Amino acid sequence: MTSAAGAQQPTYRGLRGWLDAVDKLGELERVLGASWDAEMGGITQMLTETSRGTAPAILFDDVPGYPKGYRTLYGQLSSIKRIALTLGLPLEYERKVDIVQRYHARMSELKPLKPRYVNDGPVFENVIESDEIDVLKFPVPRHHEADKARFIGTACAVVTKDPDDGWYNLGAYRSQVYDGRTVGCQITEGKHGRIHRDKYFARGEPMKVVILCGQDPLLFMLSSSPLPEVSEYDIAGGLRGEPIDVVRGPFTGFPIPADCEIAIEGETVPGQVKPEGPFGEWMGYYSDDTQDRPYVNVKTILHRNDPILTCAPQHKPVDETGLLKGIAGASQIWQALDACGIPEVLGVWNHEAGPATRFTAIQLRQRYPGHARQALHVACACQGGAYAGKWTVVVDDDIDAGDLDQVLWAMCTRFDPNVDIDLVQKAWASKRDPLYLPGNFNNRILIDACIPYDMKLKGTFPKVVDVSADLRGKLRAKFPKLFH
Ligand SMILES: Cc1cc2nc3c(=O)[nH]c(=O)nc-3n(C[C@H](O)[C@H](O)[C@H](O)COP(=O)(O)O)c2cc1C
């Protein structure tokens, strides 16, 4: 669909509408009979790790021990086509950075739209309270073989409310199951949900939460994106060009998508902690091990009939979130480069194997001495690029930032270790990093892999060995069978 302003918008509605659209694209795999115990996670990794962005979304049903129809969905956003569908962008792209550019352009012109409260919705088909509460009525997976517990929240969206000005944040924060009525909620320092929780706890107050664990993939994508302090509900509404319909949670009063599959309401209480982890982490290690963390006392479960539990375990690259983080985070970095007035940015990509901001490449057309270095420092320090970064690389306009071979070639031929490196110390880190520093900092490296500006200006850098555009065109026309 195209709006009056010319912007494209998602046309599907809700997770079920999204699944129908994905099925039509031929990107939905149905698997019957896989166990919740490491099999679903294992199958997803094996179908995704070498797929280079072509892995299917995987819908598991007939899970042993569970009623038929109680499904799990993995790999929602492991193909560019499905990410484009989710964002309402064109489905085909020549280069990976082209979708980042389209998404970035869409976000730059976005007008957030607040959610619309409605009185009823399919999420109220089942309302479970008091003694009936049991989150293990769903086929909650143990995703990785060395996870000690089952995790109900991975591709989730945790709704929290800022106690000062009342805005609702949605963040994808993992949720371990302790028992049917008690689940975890691991929120890292600096994340919006953590800032909210720290504020409540500083006042000695409990914090209410809703954990959505089966929702429109657009909400999951935004929940796992490094966005500014604007509710993801409002951003999703703006992207759709239509507000998200929400009901009020019976316990929290928080907005819950009316067509959501599963919503868990509860509260965390200051001083109440339980050992959390270990869990196979996004950097590909069982880092961070077990720590005491606040947990959630479950007060209500809402769910649709035949609910779909959405999952996104991470593991050594490439995992099902590699592309998602590549696109969502890169668009935010591009936004920041624009906001800081850095001209001529042609592409940004967070490489899937990094994963994400662990390896960011920026492509630009150098206009002045220091231009490349300026882009590096902004990209590594802005909100979208700062968390847990490691390598930030800037390349020239003739290098495709999304093509690792080309980026590596630039690093090997246009970069002098003596002068083209800057180091950033005591940066915002993650304990998921095997090399995080005491105090939870990390150090990171900025690489200027652009042709030295004076050589570019004087034309003294050697000419690239390449087939010219003119000859390419002639050869395509003359030998069509070779280049179809
Ligand atoms: C599948 C997946 C799982 C994630 N799990 C966590 C987590 O357990 N804790 C956390 O702090 N961030 C986690 N993240 C990252 C956050 O979702 C991300 O940083 C997001 O920007 C947080 O939202 P916020 O900026 O509104 O706080 C996860 C991301 C993905 C894609």
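Check the entry above for the structure.
A short tour of the structure in this document, coming up.

Criteria and thresholds
Residues numbered from 1 in each chain as written. Predicted model: local features only at pLDDT ≥ 70, side-chain atom pairs only at ≥ 80, totals over all residues. Heavy atoms only, no water. Helix = DSSP H or I, 4+ residues; strand = E, 2+ residues; numbered from the N terminus. Buried < 20%, exposed > 50% of the residue type's maximum accessible area, 1.4 Å probe, protein only. Salt bridge = Lys/Arg side-chain N within 4 Å of Asp/Glu carboxyl O. Near = heavy atom within 4 Å. Polar contact = N/O pair within 3.5 Å; in protein donor to acceptor, adjacent residues only side chain to side chain. Areas by Shrake-Rupley, 256 points an atom, 1.4 Å probe, with all protein chains shown as cover. 1 Å grid on protein atoms, 1.4 Å probe; cavity = no way out; pocket = protein on both sides within 12 Å on 5 of 7 lines; lining within 4 Å. Sits in = over half its atoms within 2 Å of the grid points. Nonpolar A, V, L, I, M, F, W, Y, C, P; charged D, E, K, R; others polar.

Focus on the environment of Gly370
Within the fold, Gly370 resides in the loop between β19 (359-364) and α9 (371-381). For Gly370, a relative accessible area of 48% puts it in the partly exposed group. Linking Gly370 and Gly121, residues 249 residues apart in sequence, is a C-alpha distance of 55 Å.

Considerations on the pattern of salt bridges
If you walk through the whole model with that rule in mind, you get 34 salt bridges. Salt-bridge contacts for Lys199 lead to Asp162; the nearest nitrogen and oxygen are separated by 3.0 Å. Highlighted residues: Lys199 in helix α5 (residues 192-202) and Asp162 in the loop between β7 (157-161) and β8 (168-171), separated in sequence by 37 residues. Judged by relative accessible area, Asp162 falls into the buried class, the value being 4%. We note a salt bridge from Asp433 to Arg358, for which the minimum N-O separation is 2.9 Å. Residue Asp433 is found in the loop between β21 (421-428) and β22 (441-448), and its partner Arg358 is found in the loop between β18 (345-350) and β19; the two are separated by 75 residues along the sequence. With respect to burial, Asp433 and Arg358 carry one shared label: buried. The structure contains a network of salt bridges with shared partners spanning Arg174, Glu276, Glu281, Arg293 and Arg432.

Looking at the site of the ligand
As a structural note, the neighbourhood of the ligand is formed by 20 residues, with Ala172, Tyr173, Arg174, Gln186 and His192 the closest of them. Interatomic distance of 2.9 Å between a side-chain N/O atom of Thr188 and an oxygen atom of the ligand. A distance of 2.9 Å is found between an oxygen atom of the ligand and a side-chain nitrogen or oxygen belonging to Lys191. For the ligand, whose free accessible area comes to 630 Å², the fraction covered by protein is 89%. Most atoms of the ligand, that is more than half of them, are within 2 Å of grid points of the largest cavity. In terms of residue count, β8 provides more of the shell around the ligand than any other element does, three residues in total. In terms of residue class, the shell around the ligand is built from six nonpolar, 11 polar and three charged.

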